[in-house]
Amino acid sequence: MLARLVLADGRVVPADALVDALWDDPPPTARQQLYNAVAQLRRALADASDALVRRGPGYALSLHGHRVDLHDFRSAVATARAGGRGAERHLRDGLALWRGRPLEGVPDHLAEPIRRPLEQEQTDARELLCRLTLESGNPEDALAQAGELVGACPFQESAHELRLRALAATGRRTQALQEYLAFRNRLVDELGVDPGAALQALHADLLDGTTGDVGRSTSLVPVPQQLPPATAALVGRDKLIAGIADRIDEAAGSPAAATPLVLFTGPGGVGKTSVAIAAARRVGSGFADGVLFAELRAGSGRPTDPYDVHGRFLRALGHAVEDVPDDRDERLASYRSALADRSVLVVLDDAGTEAQVRALLPPSPASAVIVTSRARLAGLEVTARVRVPTLEPDASEELLGLLSPHRSPALVRLAELCGHLPLALRVAGSRLAVDEHLSVDDLISRLTRERARLEELTAGDLDVRATIAISHEAVRPQVQHLFRCLGAVDYESWPDWVADLVVTNGASLGELVDVHLVEDLGLDAAGQRRFRMHDLVRDFARSLASEAPAPVAQAQWCVLLDTWHDRAEAAVGDLTGSAGPTSSDGLEASDWLETERANLCAAVDQAAAAGLPDLCGRLALTICEFFMTRGYDDDRERALRAALGSVGTGSHPELRSDLLRALFATLAQQGRLDELDEVAEANLATTSDLPASDRAVRAIFQSAWLAETTYALPRAARLYERAADLARSIGSAEGVASAQGNLGSVHLRAGDWDVALPLLVEGVQHERAGDRPRHLAIRLALLGECRLWLGDAHAARAHFDEARDITWTISDQVGEALCQIHLATVHLHLGELADAIRLLQPARAAAMEHTGFQGDLLAWETSVDLSIIQRRWDHAEREIAQVLDGMQGDPHRGIELARFAARSAVVQDALNRPREAATQRECCVRHLRALDLPARCLRLPPQMAGVAASLD
């Protein structure tokens, strides 16, 4: 406290400033303790106790003629700058007052904001002494002084200029040229910039040998160069920095009245300061009167007062201490007057408010300003507003490679876990460099542990969590609550209405966007305003949300999850044509569902965690209708299993049956036949405890379908008959019709096409009378198959065309792809090979994308048939080998093995391999007999009809 009062030189120090000087985190009783400290200080001053007086909002210490070494130092410097005899002596006397670092013994976090400008004053004075020494004809002394300056400030160009001049003045021009090149190379390698204009001009003089004035300084008016040294490797920013440098150069050279101002914004740790300093170095040489730099320290919670910065800048520009006004308004006016006719670059780091920046803007358009801030500072009129992004993956990996001794492919994953945030990457690189026993894989393992990432991303005074916390603490408590709620919801990105539902205190997302805790993504594909958090910020929000009490109340969870369900139900209804008025804000249903896919899955898990089984199950069933049409089988299965876990076995039997039926369909579509029996039996057991209903009929249908698919056709027929009987007993005409249609499918598989036809026709007619477009498309496709194998390819094409149109209308991409493959088969039967190939290729790719190998068997079959008909024997042989390899070890693929064995026999005969052909025919017959099926079930096109006849 005494140091703070003495440095004020009799001016009032506000009580709040003294509290900040005494405590990093002031206690509730700080004001009372301050009064006690003042009393103790008065007692220590003894006879001079009246020197410490309460005045206005704070305290002032009257020195009563006592001298302060800092004031004596500043007076000596001012006298030297005024010129005249004895200037060198005054400077030496002033510099002799320095003993160690200023404010030694005061904690660094409190002393550093005052210490740094004081040390800069010392450096400026040492430079001035060196210049005077050189001009007075003592180049050897000047050389020694310049060497010390270069050692203390290795990137300060003015220090290097003095050393080069001193070397030239002592006749060491060659050494001067060598040191210039070494310094230039270091600037380029480490900072990515060239020396400034003054140093380049001196280099040119050295090359020309015009050394007459090269050893003399040009002026005693100081030209401050206050940029701090680069402390971190800078990669991936060249294009950004070059673009900003161009904007500053263009603006500074224009006749516009406004001072050019570039504002760098972005979240904490993204590297705003490094980018700003690099940009300042790039353009600094274009400002003849120097570069001023100030840390405004908004993130510290104790922002720098522009009044203090005015004083530092005025002294750096050559004003004597006594010429710097104490009055706030007069000091501001003096600052503006000092810069009115100068060309200065002002760099303001970590600004908190527009007012803080405006007070430091130079009035001259020949000057320019670079500002960094966590806030967007929307009120500032700027030449360029730049949101500094995280690094690109390649640049992240390069930075890790520069900082750590490891060269590992795993650096790519490490960069991902760091969110490509420069601060996090620096921490990771530092930890790898410092701990020789820590491998990249070890660090990755630590970062992937649950909730451990932020705890691991700390090294020395680098701390990612603390950096994010600064932005969090800068917003109002209501906004902090919103941030915690978003952490509890934990969506990767979300539409704006989510924030409105989880809080009711009026807090706005805009305030979180302003401090870059939340990123505004603009409109998404569905037309909603969308937001996200950086991965590490999201981790921080989750950690806050995990603290008691829970930020989102149960009632708010219910509202949020109900809203997800209602919007999803409306969108799926719009998509399938089965819903009434939409509640998804009129958005395109498929776009909305695609955009919110991840959040809908998360909502299912959240409903389960919140103990809302009914809502959980209904939401899972709703979204799985959409997932089925897109082939999102992993999401579909995960949601259904989560809902089944929430519902359990004792309650909600109707909902449990619906979920089991949907899970059965999901596994069936993936060809996971071995897992289906357990699910089907669970559904039968669940419905057995319920009164007879359509659910029980559908449960029997699934067991029957499994038997049909594995070609246990007699069992399938019996089960369908049982389902039909149950449907009749409960008066379900739809159940009876579905059973009859499914019996038609059994006969179709068995090759009894004439028996299947009327049953399949009846099934189509029944679905036409209803409102289930997807079921109608399935029935039409089955009828098309039957017509095709009965020889009516044109009727088959009409059925497949209609089915394809329906699947397109309801956005069923899987169904549409399968219809396309069926149509390719029709063209093949008609000999229209070009059309078959045109349809098959894209449909095959879609089927493979959505259903994998098993769902692609129909496409493989058609493709092999095309190759055989085109006599591309080698190609057909390779395709058959691929298919057989894919079915290896699957006990349920007897009919498919028979079909491809028959085609292989054709190929082997064509290649004149009778023994191999006979082996394939025997394999085909063996599988057919095991299934008790006729050769017509091989589905051979008309061009290969003779093959089927030879196998009967």
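Please refer to the structure placed before this passage.
Quick summary incoming for the structure in this document. Being a predicted model, the structure only gives us computed values, none of them experimental. Throughout, residues of each chain are indexed from 1 in the direction in which the sequence is written. Reporting in this predicted model follows two pLDDT cut-offs: at least 70 for local features of residues, and 80 or more for side-chain atom pairs to be given and counted; totals over whole chains, interfaces and linings ignore these cut-offs and use all residues. Only heavy atoms go into the side-chain values, all of them from the structure, while hydrogens and water stay out.

### A closer look at the overall build of the chain
Phase 1: Starting at the N terminus, helices and strands are each numbered in turn, a helix being any DSSP run of H or I of at least four residues and a strand any DSSP run of E of at least two. Helices and strands together make up the secondary structure of the chain, namely 45 helices and 13 strands.
Phase 2: With C-alpha atoms as the basis for the radius of gyration, the globule rule is written as 2.2 Å multiplied by the number of residues raised to the power 0.38. The globule rule puts the C-alpha radius of gyration for 952 residues at 30 Å, and the 40 Å found for the chain is more than 25% above it.
Phase 3: Considering only C-alpha atoms, the chain reaches an extent of 120 × 70 × 55 Å along its principal axes.
Phase 4: Split into buried and exposed, the 952 residues of the chain put 52% on the buried side.
Phase 5: In these tables, accessible area is a Shrake-Rupley quantity obtained with a 1.4 Å probe, and a residue counts as shielded only by the protein chains included in the view. Accessible surface, the chain: about 41300 Å² in total, of which carbon and sulfur atoms supply 49%. Exposure classes here rest on a 1.4 Å probe applied to the protein chains alone. A residue is buried below 20% of its type maximum, exposed above 50%, and partly exposed in between.

### So, unusual backbone geometry
Phase 1: Although it is not a glycine, His-420 sits at a positive phi angle of roughly 55 degrees.
Phase 2: Mapped onto the elements, His-420 comes out in the loop between helix H17 (411–417) and helix H18 (422–434).

### Observations regarding the sheet that holds strand E1 (residues 13–14)
Phase 1: Taken together, the three strands give an open sheet; going across it, the order is E1-E3-E2, and neighbouring strands pair in antiparallel fashion. This sheet does not close on itself; its edge strands, each paired only once, are E1 and strand E2 (52–55).
Phase 2: Relative to strand E3 (residues 58–61), E1 runs antiparallel, the two sharing two bridges. Residue pairing for E3: Val-13 is matched across the bridge by Tyr-59.
Phase 3: With respect to the sheet, helix H3 (residues 30–45) is in contact with E2 and E3, its orientation differing from that of E2 by roughly 145 degrees. In this analysis, strands are considered paired if DSSP registers two or more bridges between them. The criterion used for residue contact is that any of the two residues' heavy atoms lie within 4.5 Å. Every axis in this analysis is a line fitted to C-alpha atoms, fitted for helices over the stretch in contact. Angles between the N-to-C directions lie between 0 and 180 degrees.

### Examining the packing of aromatic side chains
Phase 1: Only the six-membered ring of Trp is used, alongside the rings of Phe and Tyr, when aromatic pairs are assigned; centres must lie within 6.5 Å, and planes under 30 degrees apart are stacked while those over 60 apart are edge-to-face, with the rest tilted. Inspection of every chain in the model, using the stated rule, returns 12 aromatic pairs.
Phase 2: Centre to centre, the rings of Phe-73 and Trp-98 are 5.4 Å apart; their planes meet at 85 degrees, and the pair counts as edge-to-face. One end of the pair, Phe-73, is in helix H4 (residues 69–81); the other, Trp-98, is in the loop between helix H5 (87–96) and helix H6 (108–135), with 25 residues separating them in the sequence.
Phase 3: Taking the relative accessible area as the measure of exposure, Phe-73 reaches 2% and is therefore buried.
Phase 4: Note on Trp-98: relative accessible area 18%, which makes it buried.
Phase 5: Seen in terms of ring centroids, Phe-626 and Tyr-632 are 6.1 Å apart; in terms of plane orientation they differ by 65 degrees. Their pairing is edge-to-face. Accessibility assignment for this pair places Phe-626 and Tyr-632 in one class, buried.
Phase 6: In this structure an aromatic cluster arises from ring pairing among Tyr-491, Trp-497, Trp-564 and Trp-592.

### A short note on the nonpolar core
Among soluble globular proteins, nonpolar side chains are generally buried collectively.
Phase 1: Residues belong to one nonpolar core when they are buried, are Ala, Val, Leu, Ile, Met, Phe, Trp, Tyr or Cys, and are joined through side-chain atoms within 4.5 Å. Core analysis: the largest hydrophobic core is formed by 131 residues, its most contacted members being Phe-264, Leu-414, Val-464 and Trp-564.
Phase 2: Apart from the residues within four sequence positions on either side, Leu-414 is in contact with Leu-400, Ala-428, Leu-432, Val-440, Leu-443, Ile-444 and Leu-447.
Phase 3: Of all hydrophobic cores here, the second largest spans 47 residues; its members include Ile-880, Val-883, Leu-938 and Met-944.

### Points about the environment of Thr-563
Phase 1: With respect to the helices and strands, the residue Thr-563 is situated in helix H26 (residues 554–576).
Phase 2: The spatial distance from the C-alpha of Thr-563 to the C-alpha of Val-498 is 9.2 Å, given a sequence separation of 65 residues.
Phase 3: Sequence-distant contacts of Thr-563, defined by excluding residues within four places in its chain, comprise Trp-497 and Leu-501.

### Overview of the side chain of Gln-528
Phase 1: Within the secondary structure layout, Gln-528 lies in the loop between strand E12 (519–523) and strand E13 (529–532).
Phase 2: Note on Gln-528: relative accessible area 5%, which makes it buried.
Phase 3: N or O atoms within 3.5 Å of each other form a polar contact, as long as, within protein, one can give a hydrogen and the other can take it, and as long as residues adjacent in sequence are counted only when both atoms are side-chain atoms. Looking at Gln-528, its side chain comes within polar contact range of the side chain of Trp-497, at 3.2 Å.
Phase 4: In this structure the side chain of Gln-528 is engaged in a polar contact, spanning 2.9 Å, whose partner is the side chain of Glu-596.

### Examining the environment of Leu-52
Phase 1: Following the sequence through the fold, Leu-52 ends up in strand E2.
Phase 2: Taking the relative accessible area as the measure of exposure, Leu-52 reaches 3% and is therefore buried.
Phase 3: For Leu-52 and Leu-380, which are 328 residues apart along the polypeptide, the C-alpha to C-alpha distance reads 41 Å.
Phase 4: Excluding its chain neighbours within four sequence positions, the residues that come into contact with Leu-52 are Leu-5, Val-38, Leu-41, Arg-42, Leu-45, Tyr-59, Ala-60 and Leu-61.

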